[in-house]
Amino acid sequence: MTAEVVLLLGGMLGLIILGMPLVFSIGCASLLTILVFHDTLPLEMIPQLMVGGTDSFALLAIPFFFLAGEIMNSAGMTERIVRFSDGLVGGIRGGLSHVNVVTNMIYAGISGSAVADAAAIGSFMIPSMVRSGYPPGFSAAINAASATIGPIIPPSIPMIIYGVIANVSVGQLFLSGVFPGLIMGGYLMVTAYFISVRRNYPKGKFMPFRELMRLALSVFLAFLSPLIIIGGILLGVFTATEAGAVAVLYSILIGFFFYRQLKLKTLWEIFKGTVVSTGTVLIIVGVSYLFGWIIAQSNIGNKIGELILSISKNPMVVLLLVNIFFFIVGMFMDPLAGLIIFVPIFLPIVTSIGIHPVHFGLVVVLNLMIGLLTPPVGYLLYITSAISGEKVEVVIREVMPFIAVLVVVLLICTYWPKMVMYLPNLVGR
Amino acid sequence: MENTGGSGGILERVVESAGGVVLAAATLITILQVFFRYVLRIPFIWSEEFTRFLFIWTVWFGAALGIPRGKHMVIKFIRDRLPMPWPLRIKIATDLLALFFLGVVVVKGVSLVQMMSREFYVTFPLSVKYAYLASVVGGILMFFFLGRELRSTLRLMPRKEKKT
């Protein structure tokens, strides 16, 4: 069993470090493990699990939220949100770093992907921060850290996947992220403020109230999007996937008839572009089902469960141990793969000691989002480093204080379930 | 990573358009599903299963296009710090391994399609084998695009000088 797990996990990690695309690293490690340890198994299970892993109506929400975000971006929403955020918080010391955080918080209500947000907002905000005198490393770091809010404030792609795996209400999961997302934003802004004061970063000007209100009206439609999504789900009008499709329709209508910046040709290009972003994300989901299947066969889940429960049955201690485990997973693994492979192992353990699956979902997703900031598999670091032109090592150094405060937020969410569950409990299942 | 044009470029555009049409159809059907159920009170019974079918094809088309577009998630910075020609050697080795994996997906996918030919969707008259066919078509496309990339990498390898 040990040799099997070493080949599977070690093989995957080794291939990732050697620069093999993640989907093939997971697939090849799984295939080699099957050939060495399960040579009697029919290999037809490989395409079967890869197709079966994505054969889900709930997962269809993912391309819809990608589409809605891209359409809103093309309709000029990102620039409007940045201008509004600048008017709102640009006057504080380190103004543009706060603008970055607030923009990410607002944009999180449209998109549900940290990676997509880091690229969309970063390509706009990082050059702007560098031009204004902020070091490229810091600009990349604050953008990467802020992008982790994307999948916490609803909608959220990892939460949709967690909802499918754990069979819990996606609407409740979405609601569980509202307060933690706001807290993350607040903590990141406070940290950016102290760094800015110490390094004497510039500040802009507060916008006159009337002009701010005018801008607020123009971004009001962006605020409306998450309300439509969550409201529709909770009122039972539509499922999370249908909410995604409605969000696409909503963004198309806004783009064509309100902002009038969207063109039919652009819309077609967005659809074609979304096929690629959907395929590259969801094929990892498919191949992770194969990987997870081998993990399940190796009985490692039971062994980990027994080990954790032998240390303590106290929910707080168990949550701490699970958090440490997922933090390490996040350092080495893609969040979606981490969810698919390890949630089925830990969910029965935590629910058996009375932890609510929605609370657990929020904690795991937040933990894995922090993993996007930690090397060696910290995608947000590489994306923002590429945009800023700064070395990854510098971005890693600059992002450390933000990782520290996000860990504090993670601990708050872990040990204050009432805060996380307040909104989900209001609406029930 | 650049689009190399030629037959591969045309193929990319065809796959991209096919994927766009499939995704647009899934989006439209899902919007109509809400409208017909909630506004007209006429629920579709086939729409969920059919959009799932379309979604599988979207994923495999997109995964295939991700190779020439360089959109698959990858950590290259450790490999790229090694002295030349080691990054190229490692890329060739990992590409060959990935091609082996894709070969298994395609060959076993064909076998799976044959096994599933008598299974049908519940709400519309189509064999489930057409969903699994996406892994064969997508796998072949990925194999082609990755093979093309491997050929380009091989051309970059420094050649040994001939002894005179």
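Refer to the structure printed above.
Residues numbered from 1 in each chain as written. Chains lettered and ligands numbered in written order. Predicted model: local features only at pLDDT ≥ 70, side-chain atom pairs only at ≥ 80, totals over all residues. Heavy atoms only, no water.

### Observations regarding the overall build of chain A
Summing up its helical and strand segments, chain A has 21 helices and 0 strands in all. Its C-alpha radius of gyration of 21 Å places chain A within 12% of the 22 Å reference for a compact globule of 429 residues. Looking at the 429 residues of chain A, the share that counts as buried comes to 63%. Total accessible area computed for chain A in this model is approximately 14,900 Å², and 67% of it derives from carbon and sulfur atoms. Side-chain charges in chain A split into 20 positive and 16 negative, and the spacing between the mean points of these groups amounts to 16 Å. (Helix = DSSP H or I, 4+ residues; strand = E, 2+ residues; numbered from the N terminus. Rg over C-alpha atoms; globule rule 2.2 N^0.38 Å. Buried < 20%, exposed > 50% of the residue type's maximum accessible area, 1.4 Å probe, protein only. Areas by Shrake-Rupley, 256 points an atom, 1.4 Å probe, with all protein chains shown as cover. Lys, Arg positive; Asp, Glu negative; His and termini not counted. Charge placed at Lys NZ, Arg CZ, Asp CG, Glu CD.)

### Let's talk about the pattern of salt bridges
Scanning all chains against the criterion turns up 13 salt bridges over all chains. Notably, a salt bridge pairs K272 of chain A with E269 of chain A, separated by 3.4 Å at the nearest N-O pair. Of this pair, K272 of chain A and E269 of chain A are both found in helix α14 (residues 264-297), 3 residues apart, which corresponds to roughly one turn of the helix. Residue E16 of chain B pairs with R69 of chain B through a salt bridge whose shortest N-O separation is 3.0 Å. Of this pair, E16 of chain B sits in helix α1 (residues 6-39) while R69 of chain B sits in the loop between α2 (47-66) and α3 (86-115), and the two are 53 residues apart along the sequence. Residue R69 of chain B is classed as partly exposed on the basis of its relative accessible area, which comes to 26%. (Salt bridge = Lys/Arg side-chain N within 4 Å of Asp/Glu carboxyl O.)

### Concerning the side chain of S251 of chain A
Along the chain, the position of S251 of chain A falls in helix α13 (residues 240-258). Residue S251 of chain A is classed as buried on the basis of its relative accessible area of 1%.

### Thoughts on the interface of chain B and chain A
Residue-level contacts link 59 residues of chain B with 58 residues of chain A. For the pair chain B and chain A, the summed buried area comes to about 5,300 Å², and 79% of that belongs to carbon and sulfur atoms. At the junction of chain B with chain A, the criterion picks out 5 salt bridges. For D55 of chain A, the salt bridge identified is with R52 of chain B, shortest N-O distance 2.8 Å. Here chain B is connected to chain A by 8 residue pairs in polar contact (both at pLDDT 80 or more). Ranked by residue count, the leading element in the side of chain B that touches chain A is α1 of chain B, at 15 residues. Grouping the constituent residues of the side of chain B that touches chain A by class yields 35 nonpolar, 15 polar and 9 charged. (Contact = heavy atoms within 4.5 Å. Buried area = accessible area lost by both parts, 1.4 Å probe. Polar contact = N/O pair within 3.5 Å; in protein donor to acceptor, adjacent residues only side chain to side chain. Nonpolar A, V, L, I, M, F, W, Y, C, P; charged D, E, K, R; others polar.)

### Concerning the side chain of T148 of chain A
All names here are of chain A. Looking at the secondary structure, you find T148 in the loop between α8 (136-147) and α9 (157-166). With relative accessibility at 0%, the residue T148 sits in the buried group. Excluding residues within four positions of it along the chain, T148 makes contact with A114, M184, M369, L373, L380 and L406.

### Focus: unusual backbone geometry
Residue P155 of chain A follows P154 of chain A across a cis peptide bond; omega there is 0°. Its location among the elements puts P155 of chain A in the loop between α8 and α9. The residue R260 of chain A is not glycine, and still its phi comes out positive at about 55°. For R260 of chain A, the position within the fold is in the loop between α13 and α14. If you check the backbone angles, R41 of chain B has positive phi at about 60° while not being a glycine.

### A look at the packing of aromatic side chains
Counted under the stated rule, the structure contains 25 aromatic pairs over all chains. Between Y134 of chain A and F138 of chain A, the aromatic rings sit 6.4 Å apart at their centres with planes inclined by 10°, giving stacked as the arrangement. Assigned by exposure class, Y134 of chain A and F138 of chain A land together as buried. Positioned over the ring face of Y259 of chain A is R80 of chain A, at 3.8 Å from the centre of the ring. In this structure, R89 of chain B packs its charged tip against the face of W86 of chain B, placed 4.9 Å from the ring centre. (Phe/Tyr/Trp six-rings, centres within 6.5 Å; stacked < 30°, edge-to-face > 60°. Lys NZ or Arg CZ within 6 Å of the ring centre and 35° of its normal.)

### A look at the environment of T33 of chain A
Residues and elements named next belong to chain A. Relative to the helices and strands, T33 is located in helix α2 (residues 22-37). In this structure the C-alpha to C-alpha distance between T33 and V6, which are 27 residues apart in sequence, comes to 9.5 Å. Ignoring any residue separated from it by four or fewer positions in sequence, one finds T33 in contact with E4, L7, L8, H38 and I294.

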